[in-house]
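Here's the letter readout for the chains.
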Amino acid sequence: MFAISLGDDKAELRPLEVWQDEEFLAHMDRARELVDPWIPFASFATDRESARALLRRYAEKQAADTGRLYGIWLEGTLVGGVLFRIFDTASGNCEIGVWLEPAAQGRGLITRAAERLIDWAVYERGMHRVEWDASAANTRSIAVAKRLGMTSSTRAWSRHAESTHLTPRGRPTGDDGNGQTGPKARNPGFLPCPGRASDAS
Ligand SMILES: CC(C)(COP(=O)(O)OP(=O)(O)OC[C@H]1O[C@@H](n2cnc3c(N)ncnc32)[C@H](O)[C@@H]1OP(=O)(O)O)[C@@H](O)C(=O)NCCC(=O)NCCS
């Protein structure tokens, strides 16, 4: 019902909700071969019940304003998604997770969708740090993070992991540098900052 166009290729970002469990499961079945080596996400949705439970978990996070989940449709087919695994308004930190099914790679879908999420988190919600946790071996994921303007710092506590973060340049949450603070303040630049280990659930 509600869709944000991601470009001229008929790609759309839409809410992904509990009632879409069957469509979500079919997509997870196409995606799990690509996703499983990197993040524990498709592994949480292995049948209708578990797919529904995963979607419900994110519906509950959204209701509590602690997370969100969106699907990416390409010419009417659900081919991937982006989520806020963590959305902590008290600290101003959030963490984005992303995935695609193999056939949807290489089109910039995730870069375009994640840009929308980051803009919303920073400009609408006043978040001051967006995290992207990727294995150091996950070159495609790291390429997206770099494309999004993120910078990284390897964390000794996280084996084989590289935590990549995005944060407005040296300002308190939502300060645009011109005295405007809070939601909708604009932030032109970003700096690295410390993060934490995580999974994608
Ligand atoms: C990580 C993952 C989402 C990256 O997928 P991706 O297709 O490389 O990322 P994007 O959708 O942003 O596409 C980028 C590619 O499209 C190209 N592209 C085309 N149009 C583009 C556009 N408008 N904007 C940006 N890139 C574009 C880029 O040049 C890049 O091409 P490349 O494949 O030659 O490098 C995917 O590999 C995946 O699902 N992996 C498994 C799950 C996972 O690892 N998740 C992340 C955990 S941290």
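Residues numbered from 1 in each chain as written. Predicted model: local features only at pLDDT ≥ 70, side-chain atom pairs only at ≥ 80, totals over all residues. Heavy atoms only, no water.

1. Some remarks on the pairing of strand β5 (residues 93–100)
Here's step 1: Most of β5 is tucked away, with eight of its eight residues classed as buried.
Here's step 2: Residues Asn93, Glu95, Gly97 and Trp99 point to one face of β5 and Cys94, Ile96, Val98 and Leu100 to the other, with burial holding for every one of them.
Here's step 3: Here eight bridges tie strand β4 (residues 77–88) to β5, and the two strands are oriented antiparallel to one another. What sits directly across from phenylalanine 84, in β5, is isoleucine 96.
Here's step 4: Joining the antiparallel neighbours β4 and β5 is a turn of four residues, in which glycine 92 adopts a positive phi near 80°.
Here's step 5: One ladder, built from three bridges, connects β5 with strand β6 (residues 129–135); its direction is parallel. When the bridges of β6 are listed, glutamate 95 appears paired with glutamate 131. (Buried < 20%, exposed > 50% of the residue type's maximum accessible area, 1.4 Å probe, protein only. Helix = DSSP H or I, 4+ residues; strand = E, 2+ residues; numbered from the N terminus. Pairing = 2+ DSSP bridges.)

2. Concerning the confidence of the model for the protein chain
Here's step 1: With 76% of its residues at a pLDDT of at least 70, the protein chain reaches an overall mean of 81.
Here's step 2: Taken together, the stretch residues 155–162 has pLDDT below 50 and engages in 23 contacts with residues farther than four places along the chain or on a different chain.
Here's step 3: Here residues 167–201 is modelled with pLDDT under 50, and outside its nearest four sequence neighbours on either side it reaches 96 contacts, counting other chains as well. (pLDDT = per-residue confidence, 0-100. Contact = heavy atoms within 4.5 Å.)

3. Describing the packing of aromatic side chains
Here's step 1: Applying the stated criterion to the full structure yields five aromatic pairs.
Here's step 2: With a centroid separation of 6.1 Å and an interplanar angle of 40°, the aromatic rings of phenylalanine 84 and tryptophan 120 are classed as tilted. Here the residue phenylalanine 84 occupies a position in strand β4, and tryptophan 120 occupies one in helix α3 (residues 109–124), the gap between them amounting to 36 residues.
Here's step 3: What makes tryptophan 120 partly exposed here is its relative accessible area of 26%. (Phe/Tyr/Trp six-rings, centres within 6.5 Å; stacked < 30°, edge-to-face > 60°.)

4. Here we look at the pattern of salt bridges
Here's step 1: Summed over all chains, the structure comprises 11 salt bridges.
Here's step 2: In this structure, the salt-bridge partner of glutamate 12 is arginine 14, at a minimum N-O distance of 3.0 Å.
Here's step 3: In the salt-bridge network here, residues are joined through shared partners; they are Asp21, Glu22, Arg48 and Arg52. (Salt bridge = Lys/Arg side-chain N within 4 Å of Asp/Glu carboxyl O.)

5. Some thoughts on the side chain of arginine 68
Here's step 1: The residue arginine 68 is located in strand β3 (residues 68–74) in this model.
Here's step 2: Judged by its relative accessible area of 13%, arginine 68 is buried.
Here's step 3: Looking at arginine 68, its side chain comes within polar contact range of the side chain of tyrosine 70, at 3.5 Å.
Here's step 4: When residues no more than four places from it in sequence are discounted, the contact partners of arginine 68 are Tyr58, Gln62, Val82, Leu83, Phe84, Trp120 and Arg125. (Polar contact = N/O pair within 3.5 Å; in protein donor to acceptor, adjacent residues only side chain to side chain.)

6. Some remarks on the site of the ligand
Here's step 1: Close contacts around the ligand come from 22 residues, with Gln105, Gly106, Thr111, Asn138 and Arg140 the closest.
Here's step 2: One of the backbone N or O atoms of leucine 109 is found 3.0 Å from an oxygen atom in the ligand.
Here's step 3: For the ligand, the protein covers 74% of the area, taking 940 Å² as the surface of the free molecule.
Here's step 4: Taken together, the elements giving at least two residues each to the shell around the ligand come down to α1 (21–35), β5, α3, β6 and α4 (139–147).
Here's step 5: Tallied by class, residues from the shell around the ligand come to 11 nonpolar, six polar and five charged. (Near = heavy atom within 4 Å. Areas by Shrake-Rupley, 256 points an atom, 1.4 Å probe, with all protein chains shown as cover. Nonpolar A, V, L, I, M, F, W, Y, C, P; charged D, E, K, R; others polar.)

7. Brief notes about the layout of surface pockets
Here's step 1: By volume, the second largest pocket amounts to about 220 Å³.
Here's step 2: Lining the second largest pocket, in full, are Phe2, Ala3, Ile4, Leu13, Arg14, Pro15, Tyr70, Phe84, Arg116, Leu117 and Trp120.
Here's step 3: Breaking the lining of the second largest pocket down by element, the ones donating at least two residues are β2 (11–15) and α3.
Here's step 4: Along the lines of polarity and charge, the residues of the lining of the second largest pocket split into nine nonpolar, no polar and two charged. (1 Å grid on protein atoms, 1.4 Å probe; cavity = no way out; pocket = protein on both sides within 12 Å on 5 of 7 lines; lining within 4 Å. Points joined across faces, edges and corners; volume = space filled by probe spheres on them.)

8. Focus on helix α2 (residues 48–64)
Here's step 1: A rise of 1.5 Å per residue sets the reference length of α2, with its 17 residues, at 24 Å; its end C-alpha atoms lie 24 Å apart and thus fit the reference within 8%.
Here's step 2: Among the residues making up α2, those that are buried are Ser50, Ala51, Leu54, Leu55, Tyr58 and Lys61. Here the buried residues of α2 occupy an arc of 140° about the axis, which is enough to place them on one side. Along α2, the residues that are exposed and aim more than 90 degrees away from the buried face are Glu49 and Ala63.
Here's step 3: Along its buried surface, α2 packs onto α1, β3 and β4. (Expected span 1.5 Å × (residues − 1). Arc of directions from axis to C-beta.)

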